[in-house]
Amino acid sequence: MNDSLNRPLLGCIADDFTGATDLANMLVRGGMRTVQTIGVPATAEAVVADALVVALKSRTLPASEAVAQALEALAWLRAQGCRQIFFKYCSTFDSTDAGNIGPVTDALLDALAREPLAGTATATNAAAIGTAAATASATGCADVSFTIACPAFPENGRTLYRGHLFVGDALLNESGMENHPLTPMTDANLVRVLQRQTPSKVGLVRYDQVARGAAAVRERFAVLRAEGVRMALADALSDADLCTLGEACAGMPLVTGGSGVALGLPENFRRAGVLAARIDAAGLPSVEGLSAVLAGSASKATNAQVAEWRASRPAFRLDPLAAARGEPVVEQALAFAREHLEAAQPQPVLVYATATPDEVKAVQRELGASEAGHLVETLLAAIARGLRELGVRKFVVAGGETSGAVVQALEIHTLRIGAQIDPGVPATATLDAQPLALALKSGNFGTPDFFAKALRQLDGLSPLNAAEHA
Ligand code: ADP
């Protein structure tokens, strides 16, 4: 493969960690080799990948801070040579009237107008990028005065019709999202919602235009731009609609949306001849070493996964109250792990804080909710470090915040994304010379046998745990 095929094509900025993983998973399924970074990397070292996803934690920050982080991510992605930028937010459009979807979109468009991306389609280089981009350029949509906003993700029940977002059969504002503690969504009309977040003019690409195909959508883009619209919600009811929108966005410097829209983007690069037609985008290095599972989620799904594992495999329960009393629970957990990991037949262990809602409430009453959460995360982070010292190289982690704490404790900054284990949860591996393999799942994801299934996938062809997972 020549060097130009090793340069990243699509640069993504995601406003939270699990959303970034979800997007990366989608791009790998679309045939793009994808690397996810945790925050903006400090070095300008070139990363070999077709798509890069920078995971920020900016969804609920003040708008000015979210904008600053997004611009920092853009600068890094630009330096990596990306030809198109994708700003990823939640498929329920999680935001407030203060932002951050509108302000970040405006800031990215402004920055791209000041300094175009190296690979952006212009009249002179559009032919090199592809026919669709050439058409886009000819119709003017490759300029940076316009982008779409499409949170639709039909696979997960999020559809957009006439600018109104549905979650399953319910309008967004009747879906439970109206009660979200940080970003209550009380209006399903996203044209109105986005318009409250930006001084720019917001428009709509209606479903009947999307249904007529990519050329009709591009015509609509041209009309909207002529009307002074800078960002347009785009209706989508099916994956086919997302592919139409993706095709219409070929050559558009900035695309914004949920991970659904990413479904249609890889094909543009393939059509343009800059993305290999058939490569194993999900390939990960084979990782040798021991395995362990850490669970810090108290969700229903994780409770079921812990119960399933405990029925036949070694598990150590972390007691936050014992830790608060000063008992050496980290040392106890590691001694338990060592016993099983260093046995003649090494066995992966589970260390879990997972508990029923009543048990969690009891702990929270005693310690305070955020103190309890912080304490459990700190314990699991210390245990993750201890396990690595014992030779653990494959980690399955349950819980969004818990995953963040473990990734930080293990000083992981970049992850190559592999094949999907369960919807929304891919296998991943670090990029170091001695890689770690990880499956990081947000609490409610995965089937009851997720832990063993994930370890089997992380094991790949590693012989060490073959007997255990047979
Ligand atoms: P999820 O993805 O299910 O939301 P998270 O890891 O993001 O999982 O959040 C779960 C939170 O609950 C973490 O802060 C974790 O430390 C905390 N927690 C887990 N187990 C307990 C427990 N037994 N008592 C109190 N807090 C707990």
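Residues numbered from 1 in each chain as written. Predicted model: local features only at pLDDT ≥ 70, side-chain atom pairs only at ≥ 80, totals over all residues. Heavy atoms only, no water.

**Considering the sheet that holds strand β8 (residues 170–171)**
- Strand order in this open sheet of three strands is β6-β7-β8, and the pairing throughout is antiparallel. Each of the sheet's edge strands pairs with one partner strand only, and the pair in question is β6 (158–161) and β8.
- Judged from the four bridges that link them, β6 and strand β7 (residues 164–167) form a sheet pairing that is antiparallel. Paired with Tyr161 across the strands is His164, a residue of β7. (Pairing = 2+ DSSP bridges. Helix = DSSP H or I, 4+ residues; strand = E, 2+ residues; numbered from the N terminus.)

**Points about the site of the ligand**
- Close to the ligand lie 18 residues, the nearest being Ser297, Glu377, Glu401, Thr402 and Gly443.
- At a separation of 2.7 Å, an oxygen atom of the ligand approaches a polar backbone atom of Glu401.
- At 2.6 Å from an oxygen atom of the ligand is found a side-chain nitrogen or oxygen belonging to Thr402.
- Burial of the ligand by the protein amounts to 81% of the accessible area it has alone, namely 580 Å².
- At the level of secondary structure, the elements contributing two or more residues to the shell around the ligand comprise α14 (357–367), α15 (369–389) and α16 (400–409).
- Per element, the largest residue contribution to the shell around the ligand is four residues, and it comes from α15.
- Taken together, the residues that form the shell around the ligand break down as seven nonpolar, nine polar and two charged. (Near = heavy atom within 4 Å. Polar contact = N/O pair within 3.5 Å; in protein donor to acceptor, adjacent residues only side chain to side chain. Areas by Shrake-Rupley, 256 points an atom, 1.4 Å probe, with all protein chains shown as cover. Nonpolar A, V, L, I, M, F, W, Y, C, P; charged D, E, K, R; others polar.)

**Structural notes on the packing of aromatic side chains**
- Across all of its chains, the model carries seven aromatic pairs by this definition.
- Both rings, one in Tyr89 and one in Phe93, keep their centres 5.3 Å apart while their planes meet at 85°; by these two values the pair is edge-to-face.
- Look at Tyr89 and you get buried, because its relative accessible area is 0%.
- Each ring, one from Phe146 and one from Phe221, has its centre 5.1 Å from the other, and the planes form 50°; the classification is tilted. You can see Phe146 sitting in the loop between α5 (131–138) and β5 (147–150) and its partner Phe221 sitting in helix α8 (residues 214–226), a full 75 residues away along the chain. We note that Phe146, like Phe221, is buried.
- Site record: aromatic cluster; members linked through ring pairs are Phe87, Tyr89 and Phe93.
- Here Arg225 stacks its cationic end above the ring of Phe146, 6.0 Å away from the centre of that ring. (Phe/Tyr/Trp six-rings, centres within 6.5 Å; stacked < 30°, edge-to-face > 60°. Buried < 20%, exposed > 50% of the residue type's maximum accessible area, 1.4 Å probe, protein only. Lys NZ or Arg CZ within 6 Å of the ring centre and 35° of its normal.)

**As for the packing of helix α2 (residues 63–79) against helix α3 (residues 101–114)**
- The contact between α2 and α3 brings their axes to 9 Å, and the two run at 40°. Here α2 lies oblique to α3, going by the angle between them. Here the hand of the crossing between α2 and α3 comes out right-handed. Residue-level contacts link Ala63, Ala66, Val67, Ala70, Leu71, Leu74 and Arg78 of α2 to Pro103, Val104, Ala107, Leu108, Ala111 and Leu112 of α3.
- Partitioned by chemical class, the residues of the contact of α2 with α3 number twelve nonpolar, no polar and one charged. (Axes fitted to C-alpha atoms, helices over the stretch in contact; angles between N-to-C directions. Parallel < 35°, antiparallel > 145°, perpendicular 65-115°, else oblique. Left-handed = near helix turned anticlockwise from the far one by under 90°. Contact = heavy atoms within 4.5 Å.)

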